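# What the coordinates show
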Amino acid sequence: MSSLKIRDVIADICTVMLPIFVTQIAIVGMSFFDTVMAGHAGTADLAGVAIGANLWMPVFTGLNGILLALMPIVAQYLGAQQREQISIAVVHGVYVAIFIGLVVVSCLWLTVDDGLTHMGLEADVIRIGSGFLKALSLGMIPIFVCSVLRGFVDTLGYTRLTMCIFAGTLPINIVLNYVLIFGKLGFPALGGIGAGFATATSYSIICLAYFIAIAKVDELNKYQIWSKFGHLQFNLIKEQLRIGVPIGVAIFLESGVFAAMAFFMVKFGTIVIAAHQAAINFTSLLYMLPLSFSLALTILVGIKVGAKEYRAAVLYGRVGIAMNLVIAALFVLLLAVSKEYIASFYSEEPQIIELAAHFLFFAAFFQFLDGTATPIQGILRGYKEVKPAFYASLVAYWGICLPFGYVLDHYFGQGPFSYWQSLITGILVSAVFLVIKLIKLEKRVQKETLF
């Protein structure tokens, strides 16, 4: 293997990562505009969409994590030049996606009304939150299938195609939000519920775009993935679940802690819920940077591992982490100096702006620590090492973060700030644990003289 130069590694990472970053911004942009535009329809609309989104996102990200297993599987097949296995793996990923979508939609319609009622929310917040989720359910199966197709397309190097699909759909989502939330072009004003219909429609458009792209792009169409339908191999489903379930559970535990935080905020009132959601929403936007590095490193490291170029795999991981931390530091500076201005995007009410700015101060610390932990998760997935992230999420977020937040709230009187302070503690523990695991993995690879 020829020696790699750092600038070439940086160029490769940027080539894969930047389109993924734009894609992730577009994805979160949908949630961003759902929240912002619903907030301008009223405080109850903002709170209802916030509660609905906090219920949906842990479920979506956790189950979608199972589908992320396709990326290291396809990457290693690609690196090993076993291309005939790729299309079969994609088809079985679609089977899993459809099954997951059907289960989620069924459970949502059976439980959402009773679940929101037992949370003790205001009647208008319950009505909007329930309506938002039921409307959103129309796009759940398409978005899960889309996740599988995206894994296939991105891993083959067509991250720019994915970027164009998502970035092109974002303006459609904004227009649909405007029309359905505020009642334009003859449509009724649905408030926060309209945001659910808008996003569900956008999900369906994205899925359709992938079907068209795979049929039209020769390098994708040559895999003839649709011709493999009807061939069911349980060992392939088992492999996807073996890799995907720990990923999904880890992501669910991590995103679930944010949902739990939202529920703890309920007792502080609608103003606190709205401010907390505004801060979380913007933090999620910034989180797309480490997540994009994570996805890119899964692809690049997975290909190198599949090709047994282990020295290159280590180098790509280390350079990727360093690049992410430099950019994350700039985002921290942004939060530190512009938190009041950022908060004003979400509401015109002074109380919400002031409180959201305080939450964003804590988010600055969280952002930098997440810039270490998240890319490492992607590197480990490239090796198909998926259990460390699961253990990190379980212990750091549910064993430390939430109990510590409860103690700060009930025994030290920190109020709604308790859970942001405990969140920083949790992500610090997770980051340290994952760094240790990655160092041990690299040492093990060196010891086995795989270089």
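Structural notes, computed from the coordinates. Remember, predicted model here, so these are calculated numbers, not experimental data. (Residues numbered from 1 in each chain as written. Predicted model: local features only at pLDDT ≥ 70, side-chain atom pairs only at ≥ 80, totals over all residues. Heavy atoms only, no water.)

## Observations regarding the overall build of the chain
Along the chain, the regular secondary structure elements total 15 helices and zero strands. By the compact-globule yardstick of 22 Å for 451 residues, the chain fits well, its C-alpha radius of gyration being 21 Å. Based on the C-alpha atoms only, the size of the chain along its principal axes is roughly 60 × 50 × 35 Å. Across the 451 residues that make up the chain, the buried fraction comes to 58%. Within the chain, counting contacts between residues at least 6 apart in sequence, those at least 24 apart form 83% of the total. Put simply, the chain shows about 18,300 Å² of open surface, and 67% of that area lies on carbon and sulfur atoms. Looking at charge distribution, the chain has the averaged site of its 27 positive side-chain charges lying 13 Å from that of its 24 negative ones. (Helix = DSSP H or I, 4+ residues; strand = E, 2+ residues; numbered from the N terminus. Rg over C-alpha atoms; globule rule 2.2 N^0.38 Å. Buried < 20%, exposed > 50% of the residue type's maximum accessible area, 1.4 Å probe, protein only. Contact = heavy atoms within 4.5 Å. Areas by Shrake-Rupley, 256 points an atom, 1.4 Å probe, with all protein chains shown as cover. Lys, Arg positive; Asp, Glu negative; His and termini not counted. Charge placed at Lys NZ, Arg CZ, Asp CG, Glu CD.)

## A look at the nonpolar core
Of all hydrophobic cores here, the largest spans 150 residues; its most connected members are I13, W56, I86, F152 and W420. Counting residues per element, this core draws most heavily on helix 11 (residues 270-306), which supplies 22 residues. Not counting residues up to four positions away in its chain, the partners in contact with I86 are V74, Y77, L78, F152, L156 and Y223. (Core = buried A, V, L, I, M, F, W, Y, C linked by side-chain atoms within 4.5 Å.)

## Some details on the packing of helix 3 (residues 70-79) against helix 10 (residues 234-265)
Two numbers describe how helix 3 lies on helix 10: the axes approach to 9 Å, and their chain directions differ by 115 degrees. On helix 10, the residues that touch L70, P72, I73 and Y77 of helix 3 are L236, E239, Q240 and I243. Along the lines of polarity and charge, the residues of the contact of helix 3 with helix 10 split into six nonpolar, one polar and one charged. (Axes fitted to C-alpha atoms, helices over the stretch in contact; angles between N-to-C directions. Nonpolar A, V, L, I, M, F, W, Y, C, P; charged D, E, K, R; others polar.)

## Here we look at empty space enclosed by the protein
Under the defined criterion, the tally for this structure stands at three cavities of 30 Å³ or more. Considered as a void within the structure, the second largest cavity measures approximately 40 Å³ in volume. Together, L68, M71, P72, I247, L295, T298 and R381 line the second largest cavity. Sorting the residues of the lining of the second largest cavity by element identifies helix 3 and helix 11 as the ones contributing at least two each. Of the residues assigned to the lining of the second largest cavity, the class counts are five nonpolar, one polar and one charged. (1 Å grid on protein atoms, 1.4 Å probe; cavity = no way out; pocket = protein on both sides within 12 Å on 5 of 7 lines; lining within 4 Å. Points joined across faces, edges and corners; volume = space filled by probe spheres on them.)

## A word on the packing of aromatic side chains
Scanning the entire structure with this criterion turns up 14 aromatic pairs. Measuring from ring centre to ring centre gives 6.0 Å for F362 and F417, while their planes differ by 45 degrees; the resulting arrangement is tilted. With F362 in helix 13 (residues 350-382) and F417 in helix 15 (residues 417-447), the pair connects residues that are 55 residues apart, well separated along the chain. Owing to a relative accessible area of 14%, F362 belongs among the buried residues under this scheme. (Phe/Tyr/Trp six-rings, centres within 6.5 Å; stacked < 30°, edge-to-face > 60°.)

## Observations concerning the packing of helix 2 (residues 43-67) against helix 5 (residues 123-136)
One way to put it is that helix 2 packs onto helix 5 with a least axis distance of 8 Å and a crossing angle of 50 degrees. Taken together, the axes of helix 2 and helix 5 are oblique relative to one another. By crossing handedness, the relation of helix 2 to helix 5 is classed as right-handed. Listed contacts from helix 5 to A44, D45, A47, G48, V49, I51, G52, A53, L55 and W56 of helix 2 are D124, V125, I128, G129, F132, L133 and L136. (Parallel < 35°, antiparallel > 145°, perpendicular 65-115°, else oblique. Left-handed = near helix turned anticlockwise from the far one by under 90°.)

## Quick look at the layout of surface pockets
Taken as a whole, the largest pocket holds about 330 Å³ of empty space. In this structure, the largest pocket is lined by 16 residues; those nearest its centre are V59, V104, C107, L108 and T111. The set of elements that each furnish at least two residues to the lining of the largest pocket consists of helix 2 and helix 4 (84-117). At 10 residues, the largest contribution of residues to the lining of the largest pocket is made by helix 4. When grouped by side-chain class, the residues that make up the lining of the largest pocket number 14 nonpolar, two polar and no charged.

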